Amino acid sequence: MGILPIQLMNGLFAASTLLLCSLGMVIIFGNMNVVNLAHGEFIMVGAYTAWFISAVARLPFVAAVAGAALVAGLFGAVVERVVIKRFYQRFEETLLATYAISIIMTQIFRLGFSSMKKIVELPVRGGFEIGSMTFPKYNLVIVAAAATAVGFVCLLFYKTPFGRRVRAIRQNRNMAMCLGINASATDTLSFGLGCALAGLAGAVTAPVKIVFPAMGASYLMDSFSTVVVGGVDSFIGTAASSALISESTSVLGGFMSEVYAQIIVLVGIILILRFRPSGLFAKERR
Amino acid sequence: MGGIKKARLIFTRRAGINALILAFVALYPVAAGAYRTDVLAKTLALVILALSVDLLWGYTGILSLGQAVPFGLGAYIAAISDNVSRGIPDYMVTYGITQLPAAFMPLTVPAVGVALAVAVPAALSYLIGRLLLSGRVRGVFVSLITMAVANVATVYINNAQKFTGGSNGIGDITRPAPFGHALSIYGNYYFVMAAAVLAYAFCYYIGSSRLGRVLGAIRANENRAVFIGYRVSDYKVFIYVVSAALAAIAGMLYARTTGMVSPAVTGIRLSTLAVIWVAVGGRGNLTGAVAGCLALNGMERFAAGFLGDAWELAVGAILLLIVFFMPDGVIGAVLRFRPLRPAARAKGGGAGG
């Protein structure tokens, strides 16, 4: 078998990781229009929580994932109440404030846990074979987690009263408030939910990534690119764009150096933004 | 207080603060030793970077989180040019280069090196600006994409070891030699200071010119500026390129002052730091950029001794406090600070506006 199928499979696994990490941002950036430069740090919080629960407290990995989502979500809700709330619709202030938060969080973790890398054991060991190729079994867990998370968020947003409230506020905040929707509570909840998803992503990917205080930065750029290409507020668009970005990086990376693949993908993203400013898969909005 | 009187007061205060800063910087080498003078020379190069951020963000409202890209490119081209003008540099030899690639030949001439160190970042910024600053791309995305460019630039420089020395960077860079031979530490200090003063004057001139007023209009309300009939995207691209060129000059001076460059000079960290200096000092009045850069870098030097890693934490906290309580930055707040004077109070508040 040639190299292409391997690249495609690796691309699929990378896409699931990317999707998982970007979901929270679809809610926070796409639906709430908040640029959260601390997104990566919430992933970091999730990863550390997972490390703490599984490696220090020696609890099962499922508990680690749930705990990570809970901790990151609660923390996110607090951050929304104290900081984000004051800066809605003022993107420069939001950028600066969330960047400040990201520095503070990184440094607190560095001071508290040192810069040493933490290791989260793989909960599922071994590999599986497709044809003559072997892949780690844990990759399947990531794919399943990403699919479940997307399904969950879609249901939540399109089939529950909460989701209806969030969408109503996005369409017309004042009207929604006049109709009795508690907009500020909904904001806190959805920001918390976005952060919980980031925490979940951090926990699920922790065993295959390196856990250290400054890990957030690399997640941030990837998530933003994905969400921007997908059309910021669309879950399905984000799923498609994470597939597109990961597959193209992975396939291109098979033929040339990874760096050139990254450059080409970035140029592609810039071109997409130039000619479709609201993303590849965005619905036309007025 | 009337509008004109208020403007005059702000002007006087700004001139006063500028004079204080200038006096401090000009006399600093007298009191400080050679080492500290050299450290401040580095910071003065960064002041030019801060000015370029203010030109772009404070004047025009374009928030680039990748201003270190032109800065770093300028620094790297200056570094490579300086090294190859004295034969094939050691780090290239390490990677098996025995003959200088043709693309690097022009850099062996110092003057061409200087020209390219400004021209290449400006050209790259022109391309990025043409694509991103067309008006249809939202401001948030401009910030994010410039950040992504900074990210990729660092990765690229790290990776192109043969030509950039990879993560080791490039060392052994000599100080500028405007008069034929390399300047001394003190000579270089005043050279960089003169460049910073010129950069300030240049930005001030742009701000007070017709161009500056159009830029202000774009910042205040881009759509309205379009309706009035200005080709807003051309103005934005123009100022983006000018600011990149300024950043490249800063990078060039920085490389030749520190004597070495590493991939960090093109990265997200320096880009966001430059924005933080301007945000803390106060954007849109140049003095804030200068003061913010000098103060935060000075404090970093001062605090590194006893705070260590916690200094970064302090930067985050300072930034958060500024965003919360002083949206115009420290200098902005000082310029606008207006105590109610007894005479004015007697006249019944006196807040005429």
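Bear in mind the structure is a predicted one, so any value in this text is a computation, not a measurement. Here the residue index of a chain counts from 1 through its sequence in written order. Each chain gets a letter, beginning with A, and each ligand a number, beginning with 1, in the order they are written. Per-residue local features are limited, in this predicted model, to residues with pLDDT of at least 70; the limit for side-chain atom pairs, both in listing and counting, is 80 or more; totals at the level of whole chains, interfaces and linings are taken over all residues.

**Regarding the overall build of chain A**
Each helix is a run of H or I in the DSSP string that is no shorter than four residues. Each strand is a run of E no shorter than two, and both are numbered from the N terminus. Check the secondary structure of chain A and you find 11 helices and two strands. Of the regular secondary structure in chain A, the N- to C-terminal order runs α-α-α-α-β-β-α-α-α-α-α-α-α. Computed over its C-alpha atoms, the radius of gyration of chain A comes to 19 Å, within 12% of the 19 Å expected for a compact globule of 286 residues. With the C-alpha coordinates of chain A rotated into their principal frame, the extents come out at 60 × 50 × 35 Å. Here chain A holds 286 residues, and the buried ones make up 50% of them. Residues are defined as contacting one another if the C-beta atoms placed from their backbone atoms lie within 7 Å. Across chain A, every contact between residues at least 6 apart in sequence was considered, and the portion connecting residues at least 24 apart equals 77%. Restricting the calculation to C-alpha atoms gives the radius of gyration, and the globule rule supplies 2.2 Å times the number of residues raised to the power 0.38. Buried, partly exposed and exposed are defined by the number of other C-beta atoms within 10 Å of a residue's own C-beta, namely 20 or more, between the two limits, and 12 or fewer respectively, with C-beta atoms placed from the backbone.

**Focus: the overall build of chain B**
Summing up its helical and strand segments, chain B has 16 helices and zero strands in all. Taken over C-alpha atoms, the radius of gyration comes to 21 Å for chain B, in line with the 20 Å a tight globule of 353 residues would show. Seen through its principal axes, chain B has C-alpha atoms that stretch 80 × 55 × 40 Å. A buried classification covers 45% of the 353 residues belonging to chain B. At a minimum sequence separation of 6, the contacts of chain B that also span at least 24 residues come to 80%.

**Considering the interface of chain A and chain B**
In this assembly, 29 residues from chain A lie in contact with 35 residues from chain B. For the side of chain A that touches chain B, the secondary-structure elements that each account for two or more residues are helix 4 (91–113), helix 9 (216–230) and helix 11 (258–275) of chain A. By residue number, the principal contributor to the side of chain A that touches chain B is helix 4 of chain A, which donates 14 residues. Each residue is assigned to one of three groups, with Ala, Val, Leu, Ile, Met, Phe, Trp, Tyr, Cys and Pro labelled nonpolar, Asp, Glu, Lys and Arg labelled charged, and all others, Gly among them, labelled polar. Among the residues forming the side of chain A that touches chain B, the class breakdown is 21 nonpolar, four polar and four charged.

**Details of the pairing of strand 1 (residues 127–130) of chain A**
All names here are of chain A. As paired elements, strand 1 and strand 2 (residues 133–136) share four bridges and run antiparallel to each other. Of the residues in strand 2, the one forming a bridge with Ile-130 is Met-133. Two strands pair if DSSP finds at least two bridges between them. Counting the residues that bridge the hairpin from strand 1 to strand 2 gives two residues, and of these Gly-131 lies at a positive phi of roughly 60°.

**Side note on the packing of helix 5 (residues 110–132) of chain B against helix 11 (residues 232–258) of chain B**
Each pair of packed helices can be described by the angle between their axes along with the distance between the axes. Residues and elements named next belong to chain B. Geometry is summarised by axes, namely lines fitted to C-alpha atoms with helices restricted to the contacting stretch, and by angles between N-to-C directions that run from 0 to 180 degrees. One can describe the packing of helix 5 onto helix 11 by two numbers: an axis separation of 8 Å at closest approach and a directional angle of 145°. Pair helix 5 / helix 11 crosses with right-handed handedness. Here helix 5 contributes Val-114, Ala-117, Val-118, Pro-121, Ala-122, Ser-125, Tyr-126, Gly-129 and Arg-130 to the contact with helix 11, which in turn contributes Lys-236, Val-237, Tyr-240, Val-241, Ala-244, Ala-245, Ala-248, Ile-249 and Met-252. A class-by-class count of the residues in the contact of helix 5 with helix 11 yields 14 nonpolar, two polar and two charged. The sense of a crossing depends on the near helix, which, turned anticlockwise from the far helix by less than a right angle, makes the crossing left-handed and, turned clockwise, makes it right-handed.

**Section: the confidence of the model for chain B**
Residues and elements named next belong to chain B. Each residue carries a pLDDT score, the predictor's own confidence in it, on a scale running from 0 to 100. Per-residue confidence for chain B gives a mean pLDDT of 90, with 95% of residues at or over 70. Taken element by element, the predicted model of chain B shows its lowest mean pLDDT in helix 16 (residues 342–346) (55) and its highest in helix 11 (96). Here residues 348–353 is modelled with pLDDT under 50, and outside its nearest four sequence neighbours on either side it reaches five contacts, counting other chains as well. Complex prediction metrics read pTM 0.91 and ipTM 0.89.

**Here we look at the nonpolar core**
Counting 194 residues, the largest nonpolar core has Ile-48, Ala-50, Leu-51, Ala-248 and Ala-250 of chain B as its most contacted members. Residue contributions to this core peak at 16 residues, all from helix 11 of chain B. One nonpolar core equals one set of buried Ala, Val, Leu, Ile, Met, Phe, Trp, Tyr and Cys residues connected by C-beta atoms within 7 Å.

**Points about unusual backbone geometry**
Residue and element names in this part refer to chain A. One non-glycine residue, Asn-33, lies in the positive phi region at around 60°. Residue position: Asn-33 is located in the loop between helix 1 (3–31) and helix 2 (39–56). In this structure Asn-33 comes out as partly exposed when scored by C-beta crowding, with 16 C-beta atoms within 10 Å. In the Ramachandran plot, Ser-114 falls in the positive-phi region, its phi being about 65° despite a non-glycine side chain. Secondary-structure assignment places Ser-114 in the loop between helix 4 and strand 1.

**Observations regarding the environment of Gly-129 of chain B**
Residue and element names in this part refer to chain B. On the secondary structure map, Gly-129 appears in helix 5. Residue classification places Gly-129 among the buried positions, given that 25 C-beta atoms sit within 10 Å. Ignoring any residue separated from it by four or fewer positions in sequence, one finds Gly-129 in contact with Lys-236, Val-237, Tyr-240 and Val-241.

**Quick notes on the environment of Ala-97 of chain A**
With respect to the secondary-structure elements, Ala-97 of chain A resides in helix 4. The exposure class of Ala-97 of chain A is buried, given the 24 C-beta atoms found within 10 Å. With 161 residues separating them along the chain, Ala-97 of chain A and Glu-258 of chain A place their C-alpha atoms 33 Å apart. Every residue in contact with Ala-97 of chain A, bar those within four places of it in the chain, is listed here: Val-83 and Phe-87 of chain A together with Leu-320 and Val-323 of chain B.

**Overview of helix 2 (residues 34–59) of chain B**
Residues and elements named next belong to chain B. Its 26 residues give helix 2 an end-to-end C-alpha distance of 36 Å, which sits within 8% of 38 Å, the value for a rise of 1.5 Å per residue. Note that bend, as reported per residue, equals the angle between axes fitted to the 7 residues terminating at that residue and the 7 residues originating from it. Of all the bends in helix 2, the greatest, near 25°, is centred on Val-53. For helix 2, the buried fraction is high: 19 of the 26 residues fall into the buried class. Of the residues trailing helix 2, Gly-61 is marked for its positive phi of about 80°. A helix is expected to span 1.5 Å multiplied by its residue count minus one.

**Concerning the packing of helix 9 of chain A against helix 11 of chain A**
All names here are of chain A. At a closest axis distance of 10 Å, the pairing of helix 9 and helix 11 adopts a crossing angle of 35°. Considering how the two elements wind past one another, helix 9 and helix 11 form a crossing that is left-handed. Within the contact between the two elements, helix 9 uses Ser-225, Val-228 and Val-229 and helix 11 uses Ile-269, Ile-272 and Leu-273. The class makeup of the residues in the contact of helix 9 with helix 11 is five nonpolar, one polar and no charged.

**Digging into the environment of Val-78 of chain A**
You can see Val-78 of chain A is positioned in helix 3 (residues 61–82). Taking the C-alpha atoms as reference, Val-78 of chain A lies 8.1 Å from Thr-188 of chain A; in sequence the two are 110 residues apart.

**Some words on helix 2 of chain A**
All names here are of chain A. The end-to-end C-alpha separation of helix 2 is 25 Å, in line with the 26 Å expected for 18 residues at 1.5 Å each. Counting buried positions over the 18 residues of helix 2 gives 15, a clear majority of the element. With its phi angle positive at about 60°, Arg-58 sits one or two positions after the end of helix 2.

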